[in-house]
Amino acid sequence: MKEFFGSEKWLQAAAFALRYEVFVLEQQIEPQLEFDALDDHTRSYYVAFIEQKPVATIRYQTSTATTLQPDRLCVAKNFRKQGLGTRALLTIEAKGRAAGLNHAQLVAEVSAQVFYERLGYHKTSSPYLADGILCITMQKQLSD
């Protein structure tokens, strides 16, 4: 497996290809909702590749000067349950800590709540619809 992090066009294209596969084709999210204004040329992405195929990705962003907002985490269907999503999220969290961010807040699909709880996140909202999918807001302290 090869892992990359950055904002280069080729890396963004790989992240977009995987997100299209998972969110648009598999989960039936409208493309105009999946690819939003935050997907600009300055945004950074983590992408893991196996044999030139993007298999895991996550978008790196902040919502405040101290808050990491991991977003658009997905893993290719044939590569799930292998720790790739955990690795992607932990990589982004480490980058956030290195940048001085002290907590993370994300929007999680309700079906992924247990995954995030295992990684130290806790629910901070009631369920709500986002892009037609039932979601919750979750937070985690990044600093000790």
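Structural data are supplied above this passage.
All values derive from a computational prediction rather than experimental measurement.

Okay, the sheet that holds strand β3 (residues 53-60) next. Overall, antiparallel pairing links the 4 strands, which are arranged β1-β2-β3-β6 in an open sheet. Each of the sheet's edge strands pairs with one partner strand only, and the pair in question is β1 (2-6) and β6 (71-75). Recorded for the sheet is a direction-independent mean angle of 15° between the axes of neighbouring strands. Taken together, the 7 bridges between strand β2 (residues 44-50) and β3 define a ladder with antiparallel strand orientation. Looking at the pairing, Val47 lines up with Thr57 of β3. Sheet strands touched by helix α3 (residues 84-98): β1, β2, β3 and β6. Its angle to β3, the strand with the most contacts, is close to 35°.

The next thing to look at is the pattern of salt bridges. Applying the stated criterion to the full structure yields 13 salt bridges. Residue Glu3 is joined to Arg87 by a salt bridge in which the shortest nitrogen-to-oxygen separation is 2.6 Å. In this pair, Glu3 is assigned in strand β1 and Arg87 in helix α3, connecting sequence segments 84 residues apart. With a shortest N-O distance of 2.8 Å, Glu26 and Arg80 are connected by a salt bridge. Taken together, the residues span a long stretch of sequence, with Glu26 in helix α1 (residues 9-26) and Arg80 in the loop between β6 and α3 at a distance of 54 residues. For Glu26, a relative accessible area of 34% puts it in the partly exposed group. Sharing partners across several salt bridges, the network here consists of Arg19, Glu34, Asp36, Asp39, Arg59, Asp71 and Arg72.

Criteria and thresholds
Residues numbered from 1 in each chain as written. Predicted model: local features only at pLDDT ≥ 70, side-chain atom pairs only at ≥ 80, totals over all residues. Heavy atoms only, no water. Pairing = 2+ DSSP bridges. Helix = DSSP H or I, 4+ residues; strand = E, 2+ residues; numbered from the N terminus. Axes fitted to C-alpha atoms, helices over the stretch in contact; angles between N-to-C directions. Contact = heavy atoms within 4.5 Å. Salt bridge = Lys/Arg side-chain N within 4 Å of Asp/Glu carboxyl O. Buried < 20%, exposed > 50% of the residue type's maximum accessible area, 1.4 Å probe, protein only.

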